[in-house]
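Commentary on secondary and tertiary structure
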Amino acid sequence: MAISVLVVCLGNICRSPMGEAVLRNEALKRGITDIHVDSAGTAAAHIGEDPDERTIEVCGTKDVPISHSARQVRASDFTSFDYILAADGSNLRALERHVGHREGSKATVKLWGSYLPDNKPIQDPYYGGLDGFKEVYEQCVKLSNAFLDEVAGKES
């Protein structure tokens, strides 16, 4: 059974495109090919932009392919995706207020960090240095595997 996942942060240039790339990569490493992963932002500030250069750099050093053009969450995402995973509480609340969530959503909308016992949000690395992006990468790997563990358990 195919799984579709949308990873969401604020601007869709740092955390969510990295999360998209890492989740797709971790799924492929497990031999999971029937997964569709995308990412979006709750804000419109960066629509059409490539991921932040530091996101691209960190993914490149880990041999994780990344190619994305920033976009904003659409109402149709709530009926197109099985899971919508928010990077932090602020974006989760924005998703819960979104008209698409209120009008016939099929998606499970959760904090991505809720798949691990510590329930930690992914901190926005935008205003910091490269180390913050490396931390986001490591967190995305852990969250991707926790998510895939749970979904694989549900799917079997």
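Residues numbered from 1 in each chain as written. Predicted model: local features only at pLDDT ≥ 70, side-chain atom pairs only at ≥ 80, totals over all residues. Heavy atoms only, no water.

**Comments concerning the pattern of salt bridges**
- For the coordinates displayed, the defined rule picks out 10 salt bridges.
- The salt bridge involving Arg15 is made with Asp88; its shortest N-O contact spans 2.8 Å. Of this pair, Arg15 sits in helix α1 (residues 15–29) while Asp88 is found in the loop between β3 (83–86) and α4 (89–97), placing the two residues 73 residues apart along the sequence. For the pair shown, Arg15 and Asp88 are each scored as buried. (Salt bridge = Lys/Arg side-chain N within 4 Å of Asp/Glu carboxyl O. Helix = DSSP H or I, 4+ residues; strand = E, 2+ residues; numbered from the N terminus. Buried < 20%, exposed > 50% of the residue type's maximum accessible area, 1.4 Å probe, protein only.)

**Observations concerning the side chain of Asp52**
- Its location among the elements puts Asp52 in the loop between β2 (35–41) and α2 (53–61).
- Asp52 gets classed as buried once you look at its relative accessible area, which sits at 11%.
- Only 2.7 Å separates the side chain of Asp52 from the backbone nitrogen of Arg54, close enough to count as a polar contact.
- When residues no more than four places from it in sequence are discounted, the contact partners of Asp52 are Ile13, Cys14, Tyr126 and Phe133. (Polar contact = N/O pair within 3.5 Å; in protein donor to acceptor, adjacent residues only side chain to side chain. Contact = heavy atoms within 4.5 Å.)

**Considering the nonpolar core**
- Val5, Met18, Ile35, Tyr83, Trp112 and Phe147 are the most contacted members of the largest nonpolar core, which has 34 residues in total.
- Within the residue set of this core, elements represented by two or more residues are β1 (3–9), α1, β2, α2, β3 and α6 (130–155).
- Ranked by residues supplied to this core, first place goes to α6 with 10 residues.
- The residues contacting Met18, other than those within four sequence positions of it, are Thr55, Val58, Cys59, Ile66, Phe133, Val136 and Tyr137.
- Ala40, Leu92, Leu95 and Ala107 belong to the second-largest nonpolar core, a separate cluster that totals 13 residues. (Core = buried A, V, L, I, M, F, W, Y, C linked by side-chain atoms within 4.5 Å.)

**A short note on unusual backbone geometry**
- One non-glycine residue, Asn12, lies in the positive phi region at around 65°.
- Within the fold, Asn12 resides in the loop between β1 and α1.

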